[in-house]
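What follows is the residue order along each chain.
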Amino acid sequence: MSLVLDPAAQDLLFREARTANTFTDEPVTDAQVQAIYDLVKFGPTAFNQSPLRITLVRSPEARERLVRHLAEGNQAKTAAAPLVAILSADNEFHEELPALLPHFPAAKDMFFSERPARESAALLNAALQAAYFIIGVRAAGLAAGPMTGADFAGIQKEFLDDDHTPLMIVNIGKPGEDAWFPRSPRLELDQVITTV
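Here is a short report on the structure shown in this document.

Thresholds applied
Numbers given for residues are sequential positions, taken from 1 along each chain in its written order. The model is predicted, so local features are restricted to residues of pLDDT at least 70 and side-chain atom pairs to those at 80 or more, both for listing and for counting; the totals for chains, interfaces and linings are taken over all residues. Note: side-chain values were computed over all heavy atoms of the structure, leaving out hydrogens and water. Only protein chains enter the accessibility calculation, which uses a 1.4 Å probe; a residue is then buried when its area is under 20% of its type maximum, exposed when over 50%, and partly exposed in between. Segments assigned H or I by DSSP are reported as helices when at least four residues long, segments assigned E as strands when at least two residues long, and all are numbered from the N terminus. Strands qualify as paired when DSSP identifies two bridges or more between them. Patch membership requires over 30% relative accessible area and the absence of a salt bridge. Like charges are linked within 9 Å, and nonpolar side chains (Val, Leu, Ile, Met, Phe, Trp, Tyr) within 5 Å. The Shrake-Rupley method, run with a 1.4 Å probe, gives the accessible areas here. Residue values count only the displayed protein chains as cover. Here, a salt bridge means any side-chain nitrogen of Lys or Arg that lies within 4 Å of a carboxyl oxygen of Asp or Glu. Among the buried residues, those of types Ala, Val, Leu, Ile, Met, Phe, Trp, Tyr and Cys that are joined through side-chain atoms within 4.5 Å form a nonpolar core. For this analysis, residues touch if any pair of their heavy atoms sits within 4.5 Å.

Below, the discussion takes up the pairing of strand 2 (residues 83-90). Most of strand 2 sits out of view: eight of its eight residues are buried. Side-chain alternation along strand 2 places Leu83, Ala85, Leu87 and Ala89 on one buried face and Val84, Ile86, Ser88 and Asp90 on a second face that is also buried. The sheet contact formed by strand 1 (residues 52-57) and strand 2 spans six bridges and is antiparallel. Opposite leucine 56, over in strand 2, you have alanine 85 as the bridge partner. Pairing analysis gives eight bridges linking strand 2 to strand 4 (residues 164-173), with the strands arranged antiparallel. Bridge pairing in strand 4 places valine 84 opposite asparagine 171.

Right, dumping it as structure tokens:
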């Protein structure tokens, strides 16, 4: 059975896409970032909440501040990437719900009045949006290098505030020389899907 999405797009987004470890020095423009966001903002989330926040690290000074919080193996590739994004979850996302969920404005207080409920929802839905973001980067013809090897408490203190929980760092750009590790194995359908 074939998919509706043409094979070239399937390859671009999934089969041939990999986590990039090197990049060319071609810049990632604000227009490209806008196009990526304009696509991925439509990905579904619970209650249409949109807790993902993206901090673009463009200046050399900010890049230097970020790199020192990364695991040693992630420092050089982040220092050299054309663009780096800190993806975080906004734990106060519920303030936007009346505008994002106009047919059910009571959801803000009914489900998210308590901070623990917000943190749990923000983490899950921002992680889902982060996955959309990575696919959006690929759809723009760029490569993404998502990483979680970092001192996130330090990153939060350096770049965010107590209402934002960092999720991952994503290096973004055109893939450079020897950008990919060999493709790692994946589980087969019968190892993942159970029918009841």
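There's plenty left to go through after this.
A cluster of nonpolar side chains, contributed by Leu187, Leu189, Val192 and Ile193, occupies part of the molecular surface with about 430 Å² of accessible area. With respect to the helices and strands, leucine 187 occurs in the loop between strand 4 and helix 9 (189-192). Given a relative accessible area of 60%, leucine 187 falls into the exposed group.

What follows covers the nonpolar core. Ranked by internal contacts, the top residues of the largest apolar core, which has 24 residues, are Leu87, Phe133, Val137, Val170 and Ile172. Put simply, the parts of the chain that give this core at least two residues each are helix 2 (30-40), strand 2, helix 7 (115-139) and strand 4. With sequence-adjacent residues up to four places away left out, phenylalanine 133 is seen in contact with Ile36, Val40, Ile54, Ala85, Leu87, Val170 and Ile172. Core analysis: the next-biggest nonpolar cluster, separate from the first, contains 16 residues, Ala62, Leu66, Leu70 and Ala143 among them.

Let us look at the pairing of strand 4. As a general feature of sheets, a regular strand has side chains that alternate between the two faces. Among the ten residues in strand 4, nine count as buried, and that is most of the element. In this structure, strand 3 (residues 143-147) lies alongside strand 4, joined through five bridges in antiparallel fashion. Across the sheet, the residue bridging to alanine 144 is isoleucine 172, located in strand 4.

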